[in-house]
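Observations on the three-dimensional arrangement
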Amino acid sequence: MQGRLSVWLVKHGLVHRSLGFDYQGIETLQIKPEDWHSIAVILYVYGYNYLRSQCAYDVAPGGLLASVYHLTRIEYGLDQPEEVCIKVFAPRSNPRIPSVFWVWKSADFQERESYDMLGISYENHPRLKRILMPESWIGWPLRKDYIAPNFYEIQDAR
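Residues numbered from 1 in each chain as written. Predicted model: local features only at pLDDT ≥ 70, side-chain atom pairs only at ≥ 80, totals over all residues. Heavy atoms only, no water.

Before going further, it helps to spend a moment on the overall build of the chain. Assigned secondary structure in the chain consists of three helices and seven strands. Ordered by position from N to C terminus, the α and β elements of the chain give α-β-β-α-β-β-β-β-α-β. Seen through its C-alpha atoms, the chain measures out along the principal axes to roughly 55 × 35 × 30 Å. For the chain, the proportion of its 158 residues judged to be buried stands at 41%. Partitioning the contacts of the chain with sequence separation of at least 6, the portion at a separation of at least 24 is 52%. Of the roughly 9,500 Å² that the chain leaves accessible, carbon and sulfur atoms contribute 56%. (Helix = DSSP H or I, 4+ residues; strand = E, 2+ residues; numbered from the N terminus. Buried < 20%, exposed > 50% of the residue type's maximum accessible area, 1.4 Å probe, protein only. Contact = heavy atoms within 4.5 Å. Areas by Shrake-Rupley, 256 points an atom, 1.4 Å probe, with all protein chains shown as cover.)

Take the nonpolar core next. Among the nonpolar cores identified, the biggest contains 29 residues, and Trp 36, Tyr 69, Leu 71 and Ile 86 are the most heavily contacted of them. Elements supplying a minimum of two residues to this core: α1 (4-11), α2 (33-46), β3 (50-58), β4 (64-73), β5 (82-91) and α3 (107-118). With five residues, α2 is the single largest residue contributor to this core. (Core = buried A, V, L, I, M, F, W, Y, C linked by side-chain atoms within 4.5 Å.)

With that out of the way, let us pick up the packing of aromatic side chains. Scanning all chains against the criterion turns up seven aromatic pairs. With centroids separated by 4.7 Å and ring planes inclined at 85°, the aromatic side chains of Phe 101 and Trp 102 adopt a geometry described as edge-to-face. The buried category is assigned to Phe 101, whose relative accessible area is 7%. A relative accessible area of 52% places Trp 102 in the exposed class. Three or more aromatic residues link up through ring pairs in this structure, and these residues are Trp 36, Tyr 44, Tyr 69 and Trp 104. The positively charged end of Arg 73 is found above the aromatic ring belonging to Tyr 46, 4.3 Å away from the centroid. (Phe/Tyr/Trp six-rings, centres within 6.5 Å; stacked < 30°, edge-to-face > 60°. Lys NZ or Arg CZ within 6 Å of the ring centre and 35° of its normal.)

We now examine the sheet that holds strand β1 (residues 17-21). Taken together, the five strands give an open sheet; going across it, the order is β1-β2-β5-β4-β3, and neighbouring strands pair in mixed fashion. For this open sheet the edge positions go to β1 and β3, each flanked by a neighbour on one side alone. Within the sheet, the average angular offset between the axes of one strand and its neighbour, ignoring direction, is 20°. Bridge analysis of strand β2 (residues 27-30) against β5 gives four bridges, and the strand direction is parallel. Along β5, the bridge assignment pairs Leu 29 with Ile 86. Helix-sheet contacts for α1 involve β1, β2, β4 and β5, and the interaxial angle to β2 is about 40°. Relative to the sheet, α3 contacts β3 and β4, its axis offset from that of β3 by approximately 0°. (Pairing = 2+ DSSP bridges. Axes fitted to C-alpha atoms, helices over the stretch in contact; angles between N-to-C directions.)

Below, the discussion takes up the pairing of β3. Both β3 and β4 contribute to a ladder of eight bridges, which runs antiparallel. From the neighbouring strand, Leu 51 faces β4, where its bridge partner is Leu 71. The hairpin formed by β3 and β4 contains five residues between the paired strands, and Gly 62 there has a positive phi angle of roughly 80°.

What UniProt calls "domain: NADH:ubiquinone oxidoreductase 30kDa subunit" (unreviewed entry) maps, in this numbering, to residues 30-148. For residues 30-148, the helix share is 22%, the strand share is 30%, and the end-to-end C-alpha distance is 31 Å. (UniProt positions renumbered as here; feature names shortened; annotations may be inferred.)

Shown next as structure tokens:
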């Protein structure tokens, strides 16, 4: 079953895949990485003016990585804001997804965290660098195939 936004995207010839609805009834769509930036701009113009959250996860060991965007359409006079969940999948061998920093500024630290933990490179992000781990850290700690080092540098907390 397609949701309202999916029907609208089809009507306007925008390529996507409907993934159904989550447990709260929020429509979930899959967008290809190469289409994501243009569709993000269209969604912003359509009224999805608030990026509630962005996160990422490892689908399976050796499988795809996913970047997830929760968008909200906030308008005056609306009792219930319209929400949508967008998933963009990328191959782990070269996970590159266009940044939406220039569409929603709140993507800044969230995309950096996804880069830091999973190694997803957000193209055209103005400050894509580690945010939680030291710059010298090797690897991507939240990948399912990550092998934790057998030592950790313990820093003095004084």
